[in-house]
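Okay, here's what each chain looks like letter by letter:
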Amino acid sequence: MKMRENALAGTGKVFRFSLQQYFKSAATYVMLGIMMLGAAGSVLMMSLGMSRGEEMGSDAKTVYILNESPYAIDPAGMPEYVQAALTEESMEDALQRLDKGETDGVAIRIAMDGETGMWKATAYTGEKSEVTQGEAQNLAACCAALVEEARYAALGVSPMQMGIALAPVSTSVESEEDYRAEEDEDDQSARQVGGSAYSILIFMLVSFSTSFIVRAVVQEKSSKLVELLMVSVKPLALITGKILAAMCLVVAGMLCSGLGLVLARTVMKLLGKGSGMATAGLGSLLQGLNGPGVLAVLVSVLLGYVSYAIIAGISGACCSTETESDSASSGAMLISMVGYMAGMATAWMKAGTAIRVLCLIPFVSVYIAPSRFLMGDIGFGWLALGWLLQALVALLLVKLCAAVYGALMIHKGERVKPKQILAMMKGGAKA
Amino acid sequence: MSLIVKDLTKKYGEKTVVDHLSFAMEKPGVYALLGTNGAGKTTSIRMMLGMLARDGGETLWNGEELSLEKCNVGYLAEERGLYPKYTLMDQLKYFASLRGVEGAEAAKRIRYWSERLEVGEYLYPEKTTRQGRKVPAPSLKADQLSKGNQQKIQLMMALISDPELLILDEPLSGLDPVNTDLFKGIIREEISKGKYLIMSSHQMPTVEEFCTDITILDRSKTVLQGNLNDIKKGYGRVNLKLKTDRDVGETVRASGATILTEKENEYQIKVRGEEQAMALLRELTAQNVTVVTFDLQEPSLHEIFVEKVGSVDENA
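If you're wondering where the values come from, they're calculated on a predicted model, not measured in any experiment. (Residues numbered from 1 in each chain as written. Chains lettered and ligands numbered in written order. Predicted model: local features only at pLDDT ≥ 70, side-chain atom pairs only at ≥ 80, totals over all residues.)

Quick look at the sheet that holds strand E2 (residues 83-86) of chain A now. All names here are of chain A. The strand order across the open sheet formed by four strands is E2-E1-E3-E4, and the pairing between neighbours is mixed. Edge strands, defined here as strands with exactly one partner in the open sheet, are E2 and strand E4 (119-124). For this sheet, the mean angle separating the axes of adjacent strands, direction not counted, is 20 degrees. Note that strand E1 (residues 62-67) and E2 share four bridges and pair parallel. Along E2, the bridge assignment pairs Val63 with Ala84. Seen against the sheet, helix H3 (residues 91-99) touches E1, strand E3 (105-112) and E4 and runs at an angle of roughly 165 degrees to E3. Sheet strands in contact with helix H4 (residues 133-154) are E1, E3 and E4, and its direction is about 150 degrees off that of E4. (Pairing = 2+ DSSP bridges. Helix = DSSP H or I, 4+ residues; strand = E, 2+ residues; numbered from the N terminus. Axes fitted to C-alpha atoms, helices over the stretch in contact; angles between N-to-C directions. Contact = placed C-beta atoms within 7 Å.)

A few words on the interface of chain A and chain B. Contact with chain A, which involves 21 residues of that partner, is made by 26 residues of chain B. When the residues that make up the side of chain A that touches chain B are grouped by side-chain class, the tally is nine nonpolar, eight polar and four charged. (Nonpolar A, V, L, I, M, F, W, Y, C, P; charged D, E, K, R; others polar.)

Looking now at the packing of helix H8 (residues 235-270) of chain A against helix H14 (residues 380-410) of chain A. Residue and element names in this part refer to chain A. Running from N to C, H8 and H14 cross one another at 90 degrees; their axes reach a closest spacing of 8 Å. The orientation of H8 relative to H14 falls into the category roughly perpendicular. Residue-level contacts link Pro235, Leu236 and Ile239 of H8 to Cys401, Ala402, Tyr405, Gly406 and Met409 of H14. In terms of residue class, the contact of H8 with H14 is made up of seven nonpolar, one polar and no charged. (Parallel < 35°, antiparallel > 145°, perpendicular 65-115°, else oblique.)

Assigned domains of chain A: these are domain 1 (5-48 + 188-430) and domain 2 (62-160). A C-alpha centroid distance of 59 Å is found between domain 1 of chain A and domain 2 of chain A. (Domains from an automatic or database assignment.)

We now examine the nonpolar core. In a soluble, globular protein the nonpolar side chains are often hidden away together inside. All names here are of chain A. Counting 144 residues, the largest nonpolar core has Ala246, Tyr405 and Leu408 as its most contacted members. Of all the elements, H14 adds the most residues to this core, at 14 residues. Apart from the residues lying within four places of it in its own chain, the contact partners of Leu408 are Ile314, Ala317, Cys318, Val416 and Met424. (Core = buried A, V, L, I, M, F, W, Y, C linked by C-beta atoms within 7 Å. Buried ≥ 20, exposed ≤ 12 C-beta atoms within 10 Å, placed from the backbone.)

On to the domain arrangement of chain B. All names here are of chain B. The domain boundaries assigned to chain B delineate domain 1 (1-71 + 164-234), domain 2 (85-155) and domain 3 (237-297). A separation of 30 Å is found between the C-alpha centroids of domain 1 and domain 2. With seven residues of domain 1 at the interface, the matching set in domain 2 holds six residues. Residue classes in the side of domain 1 that touches domain 2 are distributed as four nonpolar, two polar and one charged.

Within the secondary structure, A:Gly10 sits in the segment before helix H1 (11-24). C-alpha of A:Gly10 to C-alpha of A:Ser232: the two residues are 222 residues apart in sequence and 8.2 Å apart in space.

Residue and element names in this part refer to chain B. Sheet architecture is open: six strands sit in the order E6-E9-E10-E3-E11-E12, paired in mixed fashion. Whereas interior strands pair on both sides, the edge strands pair on one side only; in this sheet they are strand E6 (73-76) and strand E12 (221-227). Each neighbouring strand pair of the sheet contributes to a mean axis angle of 15 degrees, computed without reference to strand direction. Judged from the five bridges that link them, strand E3 (residues 29-35) and strand E10 (residues 196-200) form a sheet pairing that is parallel. Residue pairing in the sheet places Tyr31 in a bridge with Ile198 of E10. Docked against the sheet, helix H5 (residues 147-159) engages E6 and strand E9 (165-169), running at close to 165 degrees with respect to E6.

This brings us to the packing of helix H2 (residues 88-98) of chain B against helix H3 (residues 103-116) of chain B. Residue and element names in this part refer to chain B. Contact geometry of H2 with H3 gives a least axis separation of 10 Å together with a crossing angle of 125 degrees. Here H2 is positioned oblique relative to H3, judged by the angle of their axes. The element H2 and its partner H3 pack so that their crossing is right-handed. Counted together, Leu92, Lys93, Ala96 and Ser97 of H2 and Ala106, Arg109 and Ile110 of H3 form the full contact between these two elements. Considered class by class, the residues forming the contact of H2 with H3 number four nonpolar, one polar and two charged. (Left-handed = near helix turned anticlockwise from the far one by under 90°.)

This part is about the pairing of strand E1 (residues 3-12) of chain B. Residues and elements named next belong to chain B. Relative to strand E4 (residues 56-61), E1 runs antiparallel, the two being bridged by five bridges. In the sheet register, Lys6 faces E4, and the bridge partner there is Glu58. Bridging between E1 and strand E2 (residues 15-25) involves seven bridges; their strand directions are antiparallel. By the bridge assignment, Lys11 is partnered in E2 with Thr16. What sits between E1 and E2 in their antiparallel hairpin is a turn of two residues, with Gly13 showing a positive phi close to 65 degrees.

Now for the pairing of strand E13 (residues 239-244) of chain B. Here is the key point about a regular strand: its side chains alternate between the two faces of the sheet. All names here are of chain B. Residues Leu240, Leu242 and Thr244 of E13 are buried on one face, while the alternating residues Asn239, Lys241 and Lys243, pointing to the opposite face, are not. By the bridge criterion, five bridges tie E13 to strand E15 (residues 266-270) in an arrangement that is antiparallel. The residue bridging Lys241 from the neighbouring strand is Gln268, located in E15. Taken together, the six bridges between E13 and strand E16 (residues 291-297) define a ladder with antiparallel strand orientation. By the bridge assignment, Lys241 is partnered in E16 with Asp295.

Attention now moves to H1(A). Helix length check: H1(A), at 14 residues, gives a terminal C-alpha distance of 20 Å against a target of 20 Å (1.5 Å per residue), a fit within 8%. Looking at H1(A), one finds that the buried residues are A:Thr11, A:Lys13, A:Val14, A:Phe15, A:Phe17, A:Ser18 and A:Leu19. (Expected span 1.5 Å × (residues − 1).)

All names here are of chain A. Among the secondary structure elements, Arg372 is positioned in helix H13 (residues 365-374). Under the C-beta neighbour-count criterion, Arg372 is labelled buried, with 29 such atoms within 10 Å. Considering only alpha carbons, one finds Arg372 and Ile355, 17 residues apart in sequence, at a separation of 8.3 Å. With near-sequence residues (within four places) excluded, Arg372 lies in contact with Ile355, Cys359, Asp377 and Ile378.

As structure tokens, then:
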């Protein structure tokens, strides 16, 4: 099965033509648009959902502050989710208003405690109030803090001094076990977000590209142009050009998704909201990217992509009609799913033997090894060994493809079974 | 230049689909590969072009293994198609570039062949602007063309690189008479340019019209091979076309010849040879029969084919 030196001659031309046709199709732009808007939309929805959640964290909407102290307090210092205002009315009037139907209102009275001689902020709610005691207590505490700030300000303390003076010092009692668990929790959370986000990205890359490749190969086969093409270009060049074109298309899709994320962040900034959990999760993964990190991801993704793409190409070539193309993708997708599941299932796991072994398994390693390398869970040696094994598998697939792709493309009739592929491979060796 | 096919063999499991096919083209001309469906013609062509692995044999071009790098091959496959949703111009340019013909040269050749094959209106369509001016429009997509016109585009793809070896698998199948003549004209042109042509066809008159040498395959084996004229001479002049002024059926039968068809004193007769035909003519003259037509010919390729392989597959 010695591969001919010129087996890849013409790859560039096939690649250019395939890519050109992708970008001449309106469907491609629709897909890229959907990917961009989908990414932007999902982040916006998540972010807005979270903001809404924050806003809905309180049942209180209106706070009436009856300030009987001599200190001038600023209601703007109250939490953003309530509308706070100083009121001159009496406590009785305020309570009557709350009883009449302002179920989301709270009245806070700042007055001297006769027993202790200290200023005290007391929160009152109406009879039908939906505001919880805890929430009312929090709002009262906020008011008390404003009184304290006003008191310091009255004494001529600068805002910086005030910040130092009022900085809270909390106390707690914890065991050593609690201390370690807390440290692990942060680490695990970062690992889970990073590992999962990376696995999803790779799964998207593999899913889209295998689907594109299978469809392109089946379309070419059913166009009955194959024999004419094979007079001009070797089968390996034919499939390689397609694989590269599909990769470019998927990368374009990923870039559009990235653009969607940037768009979402910009919109959220303009709206004055947080950037959202999705972008934050992605950010935590990208945080670890540096020169070697980028290289680790690129090499792993390239080796994994080539392997999955060749399987997709061979699967596509086994079909004779376009109706078979859906099931043709299932082979590559099934293997990809195993890698994805392994990536997701182990995202929370710390460095260990299991992770190191998974980082060596071809097809699975692309889902796990680069993110683990970025997080420092595995060293370069393990990563390189994983590359070597994946490269060996990719090379075997390339050899298989070179031997059988041509015969598969001119095969007619029922879908080719693995046994027949092996027979074709033996036949190819005789040529 | 020469093309030598030597002991080409292909097996699928225990079944041999091409059994030691050998032939040679020492000089330019047209070689015909004939055979019923499943005889192994297309498989042989695929093996020659390296598309299909072979179990034995070799194909030599100028003494070296035929490869696409060393020999400029044009191929019109039996199974024809185009990318249905891509424009014709894109497809032609793509195929031209794969054959090393690019840029202005590709454009020039596409223009030439589009005019020669009368498909210019599909490759260089025009649209009318609101101001009533005609401006160039993108070329049509393949699925907007009739089957015959698609076939012309495929022939353009085969010829775009000006190949030295042209392989045409059923080149005229599915064409109307006008386009058949157009294709025949182009084949004649290629022959006159000194090209090596291999033609596979079921249309025996076409093969007779163009081919100098033939191989007839039957169920993977070569059953007849050689120069077409020599083969015919070997059979002798045994086909007699006779037209007289009255019914001479009895006389013909009495001479020992076989009447194949008979219609209004016009006969197609099979004789054993020239002597028997001449004896019949003498007998007719002796009976004062007016002989309008007496045409003694060699057997047609169709007859030779039928004799060798049993019957022509009419579905082909």
